[in-house]
Amino acid sequence: MGIVDNLLKLLVIAFVGLIYLPAVLVVILSFNQSSAIAFPLTGLTLDWYVKKPVGYEYAALVSLLYDWGFWDALRNSVTNSLAVAALTAVIVTSSALALRHRVRGRDQLFYLILLGFIVPGVTLGLGSTILYSVLHMEYSFWSVVLINVVYTVPFGLILMMSRFDPDLVEYERAASTLRAAPISVFRRITAPLIRWEIISATIFGFLLSWGELIRTGFMLKGTPVLSVYVYTQLSVNPLTPKFYAMGTLISAVSFVGLVILGFLLSRGAGGQR
Amino acid sequence: MLPGLATSVLGVIIPLLILVPVSFYKFRFPTVIPEFTLTNYVGYIFSAQTASILLNTFGLSGLTCFLAFLIGYPVAYTLTFKIRNAVLKTYIISLLMVPFLIDWSIRTVAWISVLGVHGFINYMLSSAGIEPIRLLLSPVSLYVIWLQTYTLFMMFPIYLAMQRIDPDYIRAAQVLRASPRRVQYDIIFKLSMPGIVTGFAFVFVSTLGDYVTPSLWAGGIQTLGLSIASYAGNYLWPQASAMSMIMLVMTLVVMYLLVTVGKIKKLLYER
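Note that the coordinates shown come from a computational prediction; the quantities given were computed from them, not determined experimentally.

Regarding its fold elements, chain A presents 10 helices and zero strands. Overall, chain A shows an N-to-C arrangement of helices and strands of α-α-α-α-α-α-α-α-α-α. Its C-alpha atoms put chain A at 75 × 65 × 30 Å along the principal axes. Buried residues in chain A amount to 44% of all 273 residues. Residue pairs at least 24 apart in sequence account for 76% of intrachain contacts in chain A once pairs closer than 6 positions are excluded.

Here you go:
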């Protein structure tokens, strides 16, 4: 069995390696001197990040620091993802807590929420587009937030519920039996026990909406969010290391978020199993 | 309970329901006319490309599911049974999420650096004296990108299912001298079945709804999602809605499988 075990561990390492290879190459190539996405590198430079443009250059050649559209989209993405994260946290926590109890309609609620993830993005995008047009409503900040929340909540719910302490209900029941008011049961028993799960769901909601394009693309108007900006820029411009510099910066946010998430989740994992 | 209900109804149910009437409406340039017609359906079903588009769509998504299973199952198995350190396990799972969370377009164009004519693989090949090969703009690149993104959706539900297998079952089988192969198949594989079904469903619907990746990298292969997106982009809403109905029916089938075979609620609550 020893050989099989090692082969299996090798497979996990190979898998992690494979899915990271493009990300690592993106970072390396964002420092390439030549404007081609090609190996070998012609030299290392920070030009794609900070070089001051000399005149009217192609958008694909302007460095990241001087690409105003990028910074507008970044600001837009941050506010958008923060709103999505906050809403995700509230909806996921309230739904997850409700789903633990044997109330009527529990399964139906769960399937309904799950539907937000199961429905293909393109179908939901089309339906929302038509709905806004029928109601004569303009796309707004909140339409982007809503279509993202519908998608992030099922993920957050699965993440949170798969990690709930099975004895949580017992603790709550004990507190209620001792005549604690519902609000103080939540504040003093439930919330402290699930706070890491709440924070994890919040971070996950932020990260999911940070990179989402398929659904968000349908709700496009005015200043785009990052994913839409990158997509439209790439459809009209040749690919240069500038876009890899952009990717490095955007992905750095995701990566930092995930390291924090891993840290938070492993805090809980230490106690269980 | 209320916030979850409200968002789902507002954000999912109503937008989907509105597709039903629109799919029966007429389209006369440049607007939609609310008069009943079946032409959107009839025209689509009898169109020459429809069969091949549907076949492509199922073929691409189906094979991606299967490949994701071939990778995801052993990875989930290793994480559950071979790695004892809980903290390490959590970090590995978090790290596996990264590619999924990287920006959509960046994740796709990142593969140019690996698969492109001047990319990493061809650079390695040419250093070894081998002619460059075309990897991008072909189904190969589509599968690679989809697998990088969605294998996680296969692995995670299987992992959840395996976590719930009582180690006593395995020990009991071993005491009763079951062969390792029977332990693997009769206990671990069969008890992971809900997770496997859930994984197939998750990967299938995700690839079904992703029209951006095929539009960029499939090398001109048409899929159902792509058709819907291009019709929707040209404001041909009735036709796009009719096509969406096909997708919705498939979604409901998937949902039905999740509830009955996958027993998805057992993965998360109802211990």
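This part covers the overall build of chain B. In terms of helices and strands, chain B carries 15 helices and two strands. Its C-alpha atoms give chain B principal-axis dimensions of roughly 70 × 60 × 35 Å. Classification of the 271 residues of chain B by burial places 46% in the buried group. For chain B, contacts bridging at least 24 residues in sequence account for 72% of all contacts bridging at least 6.

Glancing now at the nonpolar core. Ranked by internal contacts, the top residues of the largest apolar core, which has 148 residues, are B:Leu101, B:Val203 and B:Ile228. Here the element with the most residues in this core is helix H8 (residues 139–163) of chain B; it accounts for 15 residues. Once you skip the residues sitting within four places of it in the chain, B:Leu101 turns out to touch A:Leu207, A:Leu208, A:Trp210, A:Gly211, A:Ser254 and A:Leu258.

Time to look at the interface of chain A and chain B. Facing 84 residues of chain A, the contacting portion of chain B comprises 76 residues. Within the residue set of the side of chain A that touches chain B, elements represented by two or more residues are helix H1 (2–29), helix H3 (68–99), helix H4 (106–118), helix H5 (121–134), helix H6 (141–161), helix H8 (182–211), helix H9 (226–236) and helix H10 (241–271) of chain A. Here the element with the most residues in the side of chain A that touches chain B is H1(A); it accounts for 14 residues. Looking at the side of chain A that touches chain B residue by residue, the classes come out as 61 nonpolar, 18 polar and five charged.

What follows concerns unusual backbone geometry. The phi torsion at A:Arg179 lies on the positive side, around 65°, for a residue other than glycine. Tracing the chain through its elements places A:Arg179 in the loop between helix H7 (168–177) and H8. Among the residues examined, A:Arg179 registers 6 C-beta atoms within 10 Å and is labelled exposed. Unusually for a residue other than glycine, B:Arg177 sits at a positive phi of about 65°. The residue B:Arg177 is located in the loop between helix H9 (167–175) and helix H10 (180–191) in this model. A count of 7 C-beta atoms within 10 Å places B:Arg177 in the exposed class.

Before going further, it helps to spend a moment on the confidence of the model for chain A. Averaged over every residue, the pLDDT of chain A is 82; residues scoring 70 or more account for 97%. At the low end of the mean pLDDT range in chain A sits helix H2 (residues 47–50) of chain A, at 76; at the high end sits H3(A), at 89.

Turning next to the packing of H3(A) against H8(A). Residues and elements named next belong to chain A. Interaxial distance between H3 and H8 falls to 8 Å at its minimum, and their mutual angle equals 140°. Of the possible angle classes, the one that applies to H3 and H8 is oblique. For the element pair H3 and H8, the recorded crossing hand is right-handed. Along the contact surface, H3 presents Ser77, Asn80, Ser81, Leu82, Val84, Ala85, Thr88, Ala89, Val92, Thr93 and Leu97, while H8 presents Thr190, Ile198, Ala201, Thr202, Gly205, Phe206, Ser209 and Trp210. Broken down by class, the residue content of the contact of H3 with H8 amounts to 10 nonpolar, nine polar and no charged.

What follows concerns the environment of B:Ile112. Mapped onto the elements, B:Ile112 comes out in helix H6 (residues 112–115). B:Ile112 sits 106 residues away from B:Ala6 along the chain, and the two C-alpha atoms are 42 Å apart. If we skip the residues at most four places from it in the chain, B:Ile112 touches A:Ile37, A:Leu239, B:Gly119 and B:Leu136.

A few words now on the environment of B:Val9. All names here are of chain B. Tracing the backbone through its elements, the reader meets Val9 in helix H1 (residues 2–22). Judged by local crowding, Val9 falls into the exposed class, with 12 C-beta atoms found within 10 Å. Along the primary structure Val9 and Phe66 are separated by 57 residues, whereas in three dimensions their C-alpha atoms are 33 Å apart.

Before going further, it helps to examine the packing of helix H3 (residues 50–82) of chain B against H8(B). Residue and element names in this part refer to chain B. Between H3 and H8, whose axes approach to 7 Å, the crossing angle comes to 45°. The angle between H3 and H8 places the two elements in the oblique class. Relative to H8, the crossing made by H3 is right-handed.

Now for the environment of A:Thr240. Residue and element names in this part refer to chain A. Position of Thr240 among the secondary structure elements: in the loop between H9 and H10. For Thr240 and Pro40, which are 200 residues apart along the polypeptide, the C-alpha to C-alpha distance reads 15 Å. If sequence neighbours within four positions are ignored, Thr240 has contacts with Ser35, Ala60 and Leu61.

All names here are of chain A. With 21 residues, H6 should reach 30 Å at 1.5 Å per residue; the first-to-last C-alpha distance of 29 Å fits that figure. Along H6, the sharpest change in direction is near 30° and occurs at Val149. Counting buried positions along H6 gives 19 out of 21 residues, so the element sits mostly inside the fold.

Moving on, we get to the confidence of the model for chain B. Low pLDDT means the predicted coordinates in that region are not meant to be read closely. Residue and element names in this part refer to chain B. Confidence along chain B averages 83 in pLDDT terms, with 98% of residues attaining 70 or more. Within chain B, strand S2 (residues 31–33) has the poorest average pLDDT of any element, 74, and H3 the best, 90. Of the two predicted TM-score estimates for the complex, the pTM is 0.86 and the ipTM is 0.83.

What counts as what
- Residues numbered from 1 in each chain as written.
- Chains lettered and ligands numbered in written order.
- Predicted model: local features only at pLDDT ≥ 70, side-chain atom pairs only at ≥ 80, totals over all residues.
- Helix = DSSP H or I, 4+ residues; strand = E, 2+ residues; numbered from the N terminus.
- Buried ≥ 20, exposed ≤ 12 C-beta atoms within 10 Å, placed from the backbone.
- Contact = placed C-beta atoms within 7 Å.
- Core = buried A, V, L, I, M, F, W, Y, C linked by C-beta atoms within 7 Å.
- Nonpolar A, V, L, I, M, F, W, Y, C, P; charged D, E, K, R; others polar.
- pLDDT = per-residue confidence, 0-100.
- Axes fitted to C-alpha atoms, helices over the stretch in contact; angles between N-to-C directions.
- Parallel < 35°, antiparallel > 145°, perpendicular 65-115°, else oblique.
- Left-handed = near helix turned anticlockwise from the far one by under 90°.
- Expected span 1.5 Å × (residues − 1).
- Bend = angle between axes of the 7 residues up to and from the residue.

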